[in-house]
Amino acid sequence: ASSAMPPPTSSSSKKTKLASLISAIKSSDRAKAKNLSDDITFDINSSVECESDGEEDFPLQVALDEHFTKQTEDSFACFSTICSHDHLNPDKDFWGDGKTALQRAAERCDAYASFALLERKASVEATNRRDGNKTAIDYARGMKVTSKEEKENKNRVIRLLESERDGTDAGLERFLKRLEEVRLPNEDAE
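Residues numbered from 1 in each chain as written. Predicted model: local features only at pLDDT ≥ 70, side-chain atom pairs only at ≥ 80, totals over all residues. Heavy atoms only, no water.

What to know about the overall build of the protein
Across its full length, the protein holds nine helices and two strands. Looking at the protein as a whole, 45% of its 190 residues are labelled buried. When contacts within the protein are restricted to residue pairs at least 6 apart in sequence, long-range pairs at least 24 apart make up 64% of them. About 10,500 Å² of surface is accessible on the protein, with carbon and sulfur atoms providing 47% of the total. (Helix = DSSP H or I, 4+ residues; strand = E, 2+ residues; numbered from the N terminus. Buried < 20%, exposed > 50% of the residue type's maximum accessible area, 1.4 Å probe, protein only. Contact = heavy atoms within 4.5 Å. Areas by Shrake-Rupley, 256 points an atom, 1.4 Å probe, with all protein chains shown as cover.)

Focus: the packing of helix H3 (residues 59–70) against helix H4 (residues 73–83)
Closest axis-to-axis distance for the H3/H4 pair is 8 Å, and the angle between their directions is 155 degrees. With respect to each other, H3 and H4 are oriented roughly antiparallel. The two elements H3 and H4 meet at a crossing, and its hand is left-handed. Each of Pro59, Leu60, Ala63, Leu64, Glu66, His67 and Lys70 in H3 lies in contact with H4, whose residues at this interface are Ser75, Phe76, Cys78, Phe79, Ile82 and Cys83. (Axes fitted to C-alpha atoms, helices over the stretch in contact; angles between N-to-C directions. Parallel < 35°, antiparallel > 145°, perpendicular 65-115°, else oblique. Left-handed = near helix turned anticlockwise from the far one by under 90°.)

A look at the pattern of salt bridges
As enumerated under the stated definition, the model contains 12 salt bridges in all. Between Arg30 and Asp74 there is a salt bridge; the shortest N-O distance is 2.6 Å. Of this pair, Arg30 sits in helix H2 (residues 30–38) while Asp74 sits in helix H4; the two residues are 44 residues apart in sequence, bridging distant segments of the chain. On the accessibility criterion, Arg30 (37% relative accessible area) is partly exposed. (Salt bridge = Lys/Arg side-chain N within 4 Å of Asp/Glu carboxyl O.)

Section: the side chain of Arg104
Along the chain, Arg104 turns up in helix H5 (residues 101–107). For Arg104, a relative accessible area of 11% corresponds to the buried category.

A few points about the nonpolar core
Grouped together as the largest cluster of nonpolar side chains are 47 residues, with contacts concentrated most on Leu60, Phe79, Leu117 and Leu161. For this core, the secondary structure elements donating two or more residues are helix H1 (10–26), H2, H3, H4, H5, helix H6 (111–119), helix H7 (136–141) and helix H8 (148–166). No other element matches the seven residues that H6 contributes to this core. The residues contacting Leu161, other than those within four sequence positions of it, are Leu102, Ala106, Leu118, Val124, Ala136, Ile137 and Ala140. (Core = buried A, V, L, I, M, F, W, Y, C linked by side-chain atoms within 4.5 Å.)

Some thoughts on unusual backbone geometry
Residues other than glycine seldom take positive phi values, yet Ser28 does so here, at roughly 55 degrees. We classify Ser28 as buried; its relative accessible area is 10%. For Asn133, which is not glycine, the phi dihedral falls at a positive 55 degrees. If you trace the backbone, Asn133 turns up in the loop between H6 and H7.

In short, the description is geometric, and any link to function would need to be established separately.
As structure tokens, this is what we get:
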């Protein structure tokens, strides 16, 4: 039975690793985020208390929020790193409002984030019971668009989600082709 007991230091070192990972994500340090993420196993779905506001921070939650805010290659790379983690539960309600990461990405019609989450097998069918059982597709359809570009992007995300839901690769291939036309701003290019 003793083998099942973790060493007494593991809980605090886990928290330290998670805190370091979250801090790397917040500073968009993609290399550090990758190294720390590789070093964390099941705790990738755990939270650590944020010192500044006392809120619980989860790696995926912070990574997605940072990506939404910054929209840079580095912030997206950090998000992708967390997305591709073997033990990530992509459908967990990390925000506490019933909305999954994919539903959030869909709601903003963020093609990059939606695609990364779908690659991680986030559920298109998941519903938000606190919000009229909406799915990611419902959230994408609800996005208000003002420009032609936004409208195209909205349709692109809806098609991507539908092709994933219907299990068709054709939609995926078209999506990848379109994604090549979109570029995130690269901070280094300045």
